[in-house]
Amino acid sequence: MAPRIDDEESGGRTVSKGASATPATAARATGPAGSVPETAVPETELSVPGTEAATPVTAPSVADAEATTPETAPSLPDAEAATPQTAPSLPDTAATAPESEPSVPQAEADAEAGAEAAGPEAEPQTAVPGTAPQPAPEAAAAESAPGVAAPASAPEAAVSSSEPAKAGAVPGADRRVTAVRRIAAAGRRRRAAQLVGTAALLAVALTGGAIAVGAARDGGPAVAAASSAVDPGLLGSGDLDASIAALQTHLRSQPRDVDGWATLGLAYVEQARTKGDPARYPQAEKALDRSLALAPGNDQALAGRAALDAARHDFKDALTYADRALKQNPYGERALSVRVDALVELGRYAEADRAVGTADARKPGVPVFTRYAYVHELRGDVTTARRVLKQALAVATSRGDVAYVSAQLGQLAWNQGDYKGALDFYARALAADENYLPALEGRARTQAATGRRDEAIKGLETVVARYPLPGPLVELGELYEARGAAGDRARAHDQYALVDAWIALARANGVNADLDTALAAADHGNKASALRAARAEWARRHTVHTADALAWALHVNGHDEEALPYARRATATGYRNAAFRYHRGMIELATGHTAQGRASLAAALRLNPGFSPLGAAEARKALEAAR
């Protein structure tokens, strides 16, 4: 029997589980629309854990697990030993006060009834989303085979390359990966990935939804192992494309298979995540809606809609669908997990803390552990976050879960400036799956922080060639700028242009990309656009991440007095993020709070001295100038 996490002191102090403590990634990630008030926002509005009127309980620990699982993390070789098959639960106290699920809004109930009435008439013949051209605006999401893009509106924009690169052969791979792979006897297959040209990607993005990534395929296995921590039980084989192909074939002959449509929808959501391809989302929506038309209220499709809305950053609707799914099946792992994600990304940290306790009481396992850890990390409780993630790694049984949890531990270590620990955990992730993108990206980021810039650039070039997402694109652009070699300025500009392309593609497929816009444009784009996007995102959700983005967008636009309260809100929970502290320090200096500004900048550099290729250098320069 696997160990159970119970209550004890965390990090030398007890913390309240009933108080507030950010998905998505990630990591990461909504309220009424409207402008942000021009007046200062009290810092206390973002509640800090332990301050709310809730019955306090102590933070989780591994007190009862010590007999079978040491508190310290297993060494890399030892961690591959036999793992328990039963996942441990988190605090038992969560089971004593389960949350009551909110009622379904009448409007949604009416819609559901209408879908039920229209069920038979709505049934297509045997068409499967993703296997035949779709009418506009989803035309660009059509494909003739799983993972093969054929944009209907602009066929000439299809991306191709005559020289695919070996994705698994990452230049500069360190010896940690080799050692762990040898010990674990984890010989992995390699696959090739097509390089995506800047001009081609921009052209495709501007067609309003054509698939920019995956337009040309090499026929290899799935890029990244599907982790049950993201979509539990979705793909037993780990080969996402093959699973989708099998589902499509099945649904052509069995078009009334409710569970089949729901599973296909979830597979498309996962495909969009692993391939960085938001054009899959309209396909997912069609498949999930088909399942709901056949069986209104079935919990698998409702949970799928929750996952889809969360992926599109519509966290308000994600929460609604998760609650509806849990009314049908209170023990649904996916709905329980998405509910936590939605509450976190809405900035409702106290509720997220209670929700993750409820999820553990009902369905303990790796998905709950990773979310539990993140909720604690957001409130500065790194000790508990690390301990829970290590225990999750100890009970991970699939290579997808091992890669996922190891990468989470690597990110946590990197955030704290523990570069050796980060590299060790990223090596563990890549030993489980050498193509796992978060680990490849994290390793490159860590290499950059340790001065191995050329290795970092080569690693990030591999990542963005396969999946040009905003985070690694900005990181790569900044590394080019920091290096300053011939042609690097143009290379950096290309990366920032690709961010704009991805944002256009995401928006064309129903993704709210305002936070991505605000973060990228503030430093490398149109500053006015950054501020508009940041204000819009803040109107939807009040999280530490949106507070930081709004503060920085205000700062770069010269509104420092207005920015300061938001910068302070971003750090109010105790979240240990060097970029947040850097932003706060720069804003404090700009508003004449010299002592506080110097303290914030020093704290950022002390926490993670290589937090950004350009930001860290700017922090040192500003700190020196303020002496």
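Reading guide: rules and limits
Residues numbered from 1 in each chain as written. Predicted model: local features only at pLDDT ≥ 70, side-chain atom pairs only at ≥ 80, totals over all residues. Heavy atoms only, no water. Core = buried A, V, L, I, M, F, W, Y, C linked by side-chain atoms within 4.5 Å. Buried < 20%, exposed > 50% of the residue type's maximum accessible area, 1.4 Å probe, protein only. Helix = DSSP H or I, 4+ residues; strand = E, 2+ residues; numbered from the N terminus. Contact = heavy atoms within 4.5 Å. Expected span 1.5 Å × (residues − 1). Polar contact = N/O pair within 3.5 Å; in protein donor to acceptor, adjacent residues only side chain to side chain. Axes fitted to C-alpha atoms, helices over the stretch in contact; angles between N-to-C directions. Parallel < 35°, antiparallel > 145°, perpendicular 65-115°, else oblique. Left-handed = near helix turned anticlockwise from the far one by under 90°. Phe/Tyr/Trp six-rings, centres within 6.5 Å; stacked < 30°, edge-to-face > 60°. Lys NZ or Arg CZ within 6 Å of the ring centre and 35° of its normal. Salt bridge = Lys/Arg side-chain N within 4 Å of Asp/Glu carboxyl O.

Another point: the nonpolar core. Counting residues in each nonpolar core, the largest one holds 104 residues, and the members touching the most others are Val 344, Val 405, Tyr 582 and Phe 611. Ranked by the residues each element gives to this core, the list is headed by helix 14 (residues 399-415), at nine residues. Ignoring sequence-local partners within four residues, the contact set of Val 405 consists of Val 366, Thr 370, Leu 389, Ala 392 and Leu 393. Among the nonpolar cores identified, the runner-up in size contains 37 residues, and Leu 240, Ala 456, Leu 460 and Tyr 496 belong to it.

Another point: helix 24 (residues 578-590). Three- or four-residue spacings in an α-helix give side chains the same orientation, since the helix completes a turn every 3.6 residues. Over its 13 residues, helix 24 extends 18 Å from the first C-alpha to the last, a length consistent with the 18 Å expected when each residue adds 1.5 Å. Among the residues of helix 24, Ala 578, Phe 580, Tyr 582, His 583, Arg 584, Gly 585, Met 586, Ile 587 and Glu 588 are the ones counted as buried. Taken together, the buried residues of helix 24 touch helix 22 (544-556), helix 23 (560-570), helix 25 (594-607) and helix 26 (615-625). Measuring from the backbone nitrogen of Ala 579 back to the side-chain oxygen at the start of helix 24 gives 3.0 Å, which picks out Asn 577 as the cap.

The subject of this paragraph is the packing of helix 13 (residues 382-395) against helix 14. At their nearest, the axes of helix 13 and helix 14 sit 9 Å apart, and the two run at 160° to each other. Regarding the angle of helix 13 to helix 14, the classification is roughly antiparallel. For helix 13 against helix 14, the interelement crossing comes out left-handed. In this structure, helix 13 uses Val 382, Ala 385, Arg 386, Leu 389, Lys 390, Ala 392 and Leu 393 to contact helix 14, whose residues at the interface are Val 402, Val 405, Ser 406, Gln 408, Leu 409 and Leu 412.

Turning our eyes to something else, we now look at the packing of aromatic side chains. Tallying each qualifying case throughout the model produces four aromatic pairs. When the centroid spacing of 5.5 Å and the interplanar angle of 45° are considered together, the rings of Trp 552 and Tyr 582 count as tilted. Of the two residues, Trp 552 sits in helix 22 while Tyr 582 sits in helix 24, which places them 30 residues apart along the sequence. In terms of burial, Trp 552 and Tyr 582 fall into one category: buried. Taken together, the aromatic side chains of Trp 552, Tyr 582 and Phe 611 make up a single cluster linked through ring pairs. The positively charged end of Arg 445 is found above the aromatic ring belonging to Trp 414, 5.1 Å away from the centroid.

If you walk through the whole model with that rule in mind, you get 24 salt bridges. A salt bridge links Arg 305 to Asp 289, with the shortest nitrogen-to-oxygen separation between them at 2.8 Å. Of this pair, Arg 305 sits in helix 8 (residues 299-311) while Asp 289 sits in helix 7 (residues 280-294); the two residues are 16 residues apart in sequence, bridging distant segments of the chain. The salt bridge partner of Arg 339 is Asp 323, with a shortest N-O separation of 2.5 Å. Taken together, the residues Arg 339 in helix 10 (residues 333-345) and Asp 323 in helix 9 (residues 315-328) connect sequence positions 16 residues apart. By relative accessible area, which is 8% here, Asp 323 ends up buried. Look at the salt bridges and you will find they share partners, linking Glu 345, Arg 507, Asp 514, Glu 537, Arg 540 and Arg 541 into a network.

Assignment of secondary structure puts Thr 446 in helix 16 (residues 437-449). Residue contacts for Thr 446: discarding those within four places in its chain leaves Trp 414, Tyr 419, Ala 422, Leu 423 and Tyr 426.

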